[in-house]
Amino acid sequence: MLDELLHRVSNHTPRTLETDRRFPEAAVLVPITRSDEPELVLTLRASGLSTHGGEVAFPGGRRDPEDPDLMFTALREAEEEIGLPPGLVEVIGPLSPLISLHGIKVTPYVGVIPDFVEYRANDAEIAAVFSVPLEFFRKDPREHTHRIDYQGRSWYVPSYRYGEYKIWGLTAIMIVELINLLYDAQISLHQPPNSFINI
């Protein structure tokens, strides 16, 4: 079942993002556990961080000048932030890059990891590591929707609530692309749902 889903990711052609090359680059890892009920692994960023403090995100960060490519960046940052050894990650392929509110081009990489990893959160950056079943997002159980006007069009971005965690923004956009790809869920980011909040 999981391998069939991952086949879709590996055959996926991400949207290209024509950007000014001066945008700094970053990458995140979108870790999926290899299990009967696959889960997405997410982090809660430490509240004292200068950007996205206290927000839910995938492990990742800025590309270092010596990083050979963005996939390396995603794996390096995941090891630094949550203690995930790169050797445990089977990278499947990229999702579409996005530009963050801080003007950073972020490329997500989907990777499969064992479901028995013991995470070691870097306390300076990460307040918590948690996982959410993929099935949870498949049902699109959004708490509400934010409208974001970006690159000349409106995006209707879901905000999810999972236990004490709020999952929204760039992370939610990446999750929607993944869930649509894996399950043909047809969750639209460009059509308003029945209710949304302007921000």
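As a reminder, the structure under discussion sits directly above these lines.
A short tour of the structure in this document, coming up. (Residues numbered from 1 in each chain as written. Predicted model: local features only at pLDDT ≥ 70, side-chain atom pairs only at ≥ 80, totals over all residues. Heavy atoms only, no water.)

Let's shift gears to the overall build of the chain. When you go through the chain residue by residue, the secondary structure sums to 4 helices and 12 strands. The principal-axis extents of the C-alpha atoms in the chain amount to approximately 45 × 40 × 35 Å. The buried share of the chain, reckoned over its 199 residues, is 47%. Here the analysis covers contacts within the chain between residues at least 6 apart in sequence; of these, 65% occur between residues at least 24 apart. With the model as given, the accessible surface of the chain reaches about 10300 Å², and the carbon-plus-sulfur share is 49%. Across the chain, the 18 positively charged side chains and the 29 negatively charged ones have centroids separated by 8 Å. (Helix = DSSP H or I, 4+ residues; strand = E, 2+ residues; numbered from the N terminus. Buried < 20%, exposed > 50% of the residue type's maximum accessible area, 1.4 Å probe, protein only. Contact = heavy atoms within 4.5 Å. Areas by Shrake-Rupley, 256 points an atom, 1.4 Å probe, with all protein chains shown as cover. Lys, Arg positive; Asp, Glu negative; His and termini not counted. Charge placed at Lys NZ, Arg CZ, Asp CG, Glu CD.)

A full pass over the atoms with the stated rule returns 12 salt bridges. A salt bridge links Arg76 to Asp67, with the shortest nitrogen-to-oxygen separation between them at 2.8 Å. When its relative accessible area of 14% is taken as the criterion, Arg76 is described as buried. A relative accessible area of 4% places Asp67 in the buried class. Three or more residues joined by partner-sharing salt bridges are found here, namely Asp64, Asp67, Arg76, Glu77 and Glu80. (Salt bridge = Lys/Arg side-chain N within 4 Å of Asp/Glu carboxyl O.)

Counting 42 residues, the largest nonpolar core has Leu40, Phe137, Ile167 and Leu178 as the members making the most contacts within it. Sorting elements by how many residues they give to this core places helix α4 (residues 169–183) first, with 10 residues. Those residues in contact with Phe137, other than ones at most four positions away along the chain, are Leu40, Val132, Tyr160, Ile167, Ile175, Ile179 and Ile187. Ranked by size, the runner-up nonpolar core spans 13 residues in total, among them Val41, Leu75, Val89 and Val117. (Core = buried A, V, L, I, M, F, W, Y, C linked by side-chain atoms within 4.5 Å.)

So, about the pairing of strand β2 (residues 39–45). Taking burial as the measure, the 7 residues of β2 include 5 buried ones, the bulk of the element. Relative to strand β8 (residues 126–133), β2 runs antiparallel, the two sharing 7 bridges. The residue of β8 that forms the bridge with Leu40 is Val132. (Pairing = 2+ DSSP bridges.)

Structurally, Thr171 can be placed in helix α4. Exposure remark for Thr171: the relative accessible area of 8% places this residue in the buried category. Residue contacts for Thr171: discarding those within four places in its chain leaves Leu42, Val56, Ala57 and Phe58.

Evaluation of the coordinates by the stated rule reveals 5 aromatic pairs. Centre to centre, the rings of Phe130 and Tyr165 are 3.7 Å apart; their planes meet at 5°, and the pair counts as stacked. With a gap of 35 residues between them, Phe130 in strand β8 and Tyr165 in strand β11 (residues 165–167) connect regions that are remote in the sequence. We classify Tyr165 as buried; its relative accessible area is 13%. Summarising the aromatic geometry, the rings of Phe136 and Phe137 are spaced 5.2 Å apart at their centres and angled 80° between planes, so their arrangement reads as edge-to-face. Here the two residues Phe136 and Phe137 agree in accessibility, since each one is buried. Of the aromatic side chains, those joined through ring pairs into one cluster are Phe136, Phe137, Tyr160 and Tyr162. (Phe/Tyr/Trp six-rings, centres within 6.5 Å; stacked < 30°, edge-to-face > 60°.)

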